[in-house]
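Here is how the chains run, residue by residue.
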Amino acid sequence: MNNNKKIDISIVIPLFNEEQSLVELVEWIKRSVEPLMCNYEIIMIDDGSTDNSWKVITELSQKHKEIKGIKFIRNYGKSAALQVGFTHAEGEVVITMDADLQDSPEEIPELYRMIKEENFDVVSGWKLKRYDPLISKRIPSKIYNFVVRKISGIYLHDMNCGLKAYKNIVVKSIEVYGEMHRYIPVLAKNAGFKRIGEKVVKHYERKYGTSKFGVERFIRGPLDLMTVMFITHFSKRPMHFFGVWGLIMFFLGGVLTVYLLAEKVYKSLNNLPTRDVTDKPHFYLAIAAIIIGVQLFLAGFIAELISRTSPERNKYIIEKKTF
Ligand code: UDP
Ligand code: MG
């Protein structure tokens, strides 16, 4: 491809109903990247748009040899679009950006340099001055980033920034699915890529169309964070999670049972007045704890069986070799 020359930069752009932005976006990217004198490709993934986006992409790809278009049969979501873009990206450095002209292609040269020269695995954009609504976007984003920083231990200010740069091996080693695009740096770190940097980037107001993410993200975001953290720590050893909680529940149930029995025996032997064990709240707590313990163990065994058959179970990234 590209006269069989090595591709230096792949620019991956997921888009859904962004027909008005695309021509302007491509011109802006070309203006920003061409001074670098390098070989690049622009991969546009049309995530099942219902407007004229695909028509615009095909026209653009006839005009510019760098543009490669991919269209989904329906709207699968930004993560799916990114994943397919990553599979096709041939560039040594892969840059992702949104299609809505909110991210500036002028950042590309510096992002490229940071990966190439400063040897970062991932560089994430940071929209320090952000042009989005305060209540629906900026405040929730601050809280979200604070929580994700604390939980993941990755100190980024803007985890979900659409503008990011990666070494090619990073995007080939991770799998973005569902709505996991919010946590790509966590996935990268989990895969072993620890050099994660940050660059302040320019941001603009949405010029055309509307945001594709609504209130549902307040529920889905935190749930996905829990999933990501669980997978990060326990996907290859789920019993260590479920088993520990199962043991704790068994222990609680056991202690309560012993207490109930001991009290009953003691009071009977000493002719003290006793109540039926079923009259005591401890009894129900003990039963509940033991049942929950069994459930947790079952979940653990089933999860172990699933991870045994997972194609991921023996996926290791070899960094270097001597032969
Ligand atoms: N997008 C997509 N599929 C979707 C939703 C969004 O490819 O199902 C694209 C969208 O076209 C844009 C990027 O993802 O290029 C970011 O979306 P948006 O600008 O709506 O998000 P916001 O900036 O409001 O967070
Ligand atoms: Mg946007």
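Residues numbered from 1 in each chain as written. Chains lettered and ligands numbered in written order. Predicted model: local features only at pLDDT ≥ 70, side-chain atom pairs only at ≥ 80, totals over all residues. Heavy atoms only, no water.

Student: Even after reading the chapter, I still don't get the nonpolar core, so can you show me in this structure?
Tutor: Within soluble globular proteins, side chains that are nonpolar generally end up buried alongside one another. Within the largest apolar cluster, 34 residues are counted, with the highest numbers of intra-cluster contacts made by Ile-9, Ile-11, Ile-13, Met-44 and Ile-95. The set of elements that each furnish at least two residues to this core consists of strand E1 (9–15), helix H1 (22–33), strand E2 (40–46), helix H2 (53–63), strand E4 (93–96) and helix H4 (108–117). It is H1 that provides the largest number of residues to this core, a total of six residues. Counting residues in hydrophobic clusters, the runner-up holds 32 residues, among them Ala-81, Leu-156, Tyr-166 and Tyr-183. (Core = buried A, V, L, I, M, F, W, Y, C linked by side-chain atoms within 4.5 Å. Buried < 20%, exposed > 50% of the residue type's maximum accessible area, 1.4 Å probe, protein only. Helix = DSSP H or I, 4+ residues; strand = E, 2+ residues; numbered from the N terminus.)

Student: Sorry if this is basic, but what is going on with empty space enclosed by the protein here?
Tutor: Rolled over the atoms, a probe as big as a water molecule pinpoints where empty space is left. For the coordinates displayed, the defined rule picks out one cavity of 30 Å³ or more. As a volume, the largest cavity reaches approximately 80 Å³. Contributing to the lining of the largest cavity are Lys-78, Leu-82, Thr-96, Asn-160, Cys-161, Gly-162, Lys-164, Tyr-166, His-181 and Ile-184. Every element with two or more residues in the lining of the largest cavity is listed here: helix H3 (78–88) and strand E6 (164–167). (1 Å grid on protein atoms, 1.4 Å probe; cavity = no way out; pocket = protein on both sides within 12 Å on 5 of 7 lines; lining within 4 Å. Points joined across faces, edges and corners; volume = space filled by probe spheres on them.)

Student: Even after reading the chapter, I still don't get the packing of aromatic side chains, so can you show me in this structure?
Tutor: Any aromatic ring pair is given by two values, namely how distant the centres are and how the planes are angled relative to each other. Taken as a whole and judged by the stated rule, the model has twelve aromatic pairs. Measuring from ring centre to ring centre gives 5.1 Å for Phe-241 and Phe-242, while their planes differ by 85°; the resulting arrangement is edge-to-face. Residue class for Phe-242 comes out buried when judged on its relative accessible area of 18%. Counting every residue linked through ring pairs, the aromatic cluster contains Phe-230, Phe-234, Phe-241 and Phe-242. One Lys or Arg, Arg-195, reaches over the ring of Phe-120 and ends 5.0 Å from the middle of that ring. (Phe/Tyr/Trp six-rings, centres within 6.5 Å; stacked < 30°, edge-to-face > 60°. Lys NZ or Arg CZ within 6 Å of the ring centre and 35° of its normal.)

Student: Honestly, helix H5 (residues 134–152) in this entry has me stumped. Any pointers?
Tutor: What sets the pattern is the α-helix's 3.6 residues per turn: residues three or four places apart point alike. The end-to-end C-alpha separation of H5 is 25 Å, in line with the 27 Å expected for 19 residues at 1.5 Å each. Those residues of H5 that sit buried are Lys-137, Pro-140, Ser-141, Tyr-144, Asn-145, Val-148, Arg-149 and Ser-152. Its buried side turned inward, H5 meets helix H7 (184–191) and helix H8 (217–234). Where H5 ends, the next residue or the one after it, Gly-153, has phi of about 75°, a positive value. (Expected span 1.5 Å × (residues − 1). Contact = heavy atoms within 4.5 Å.)

Student: Would you explain the coordination of the magnesium ion (ligand 2) in this entry?
Tutor: Octahedral metals with six donors have ideal donor angles of 90 or 180 degrees. Tetrahedral metals with four donors have an ideal donor angle of 109.5 degrees. The protein atoms that coordinate the magnesium ion (ligand 2) are Asp-100 (OD) and Gln-102 (OE1), at distances spanning 1.9 to 2.0 Å. Judged by relative accessible area, which is 5%, Asp-100 ranks as buried. In this structure Gln-102 comes out as buried when scored by relative accessible area, which is 8%. (Donors = N, O, S within 2.8 Å, 3.2 Å for Na, K, Ca; no water.)

Student: What exactly am I supposed to notice about the packing of H5 against H8 here?
Tutor: Helix-helix packing: each pair is described by the crossing angle between the helix axes and the interaxial distance. Direction vectors running N to C along H5 and H8 enclose 10°, while the axes themselves pass 12 Å from each other. Regarding the angle of H5 to H8, the classification is roughly parallel. The two elements H5 and H8 cross, and the hand of that crossing is right-handed. Contact residues: Ser-136, Lys-137, Pro-140, Val-147, Val-148, Ile-151 and Ser-152 in H5; Arg-217, Phe-218, Leu-225 and Met-229 in H8. By residue class, the composition of the contact of H5 with H8 is seven nonpolar, two polar and two charged. (Axes fitted to C-alpha atoms, helices over the stretch in contact; angles between N-to-C directions. Parallel < 35°, antiparallel > 145°, perpendicular 65-115°, else oblique. Left-handed = near helix turned anticlockwise from the far one by under 90°. Nonpolar A, V, L, I, M, F, W, Y, C, P; charged D, E, K, R; others polar.)

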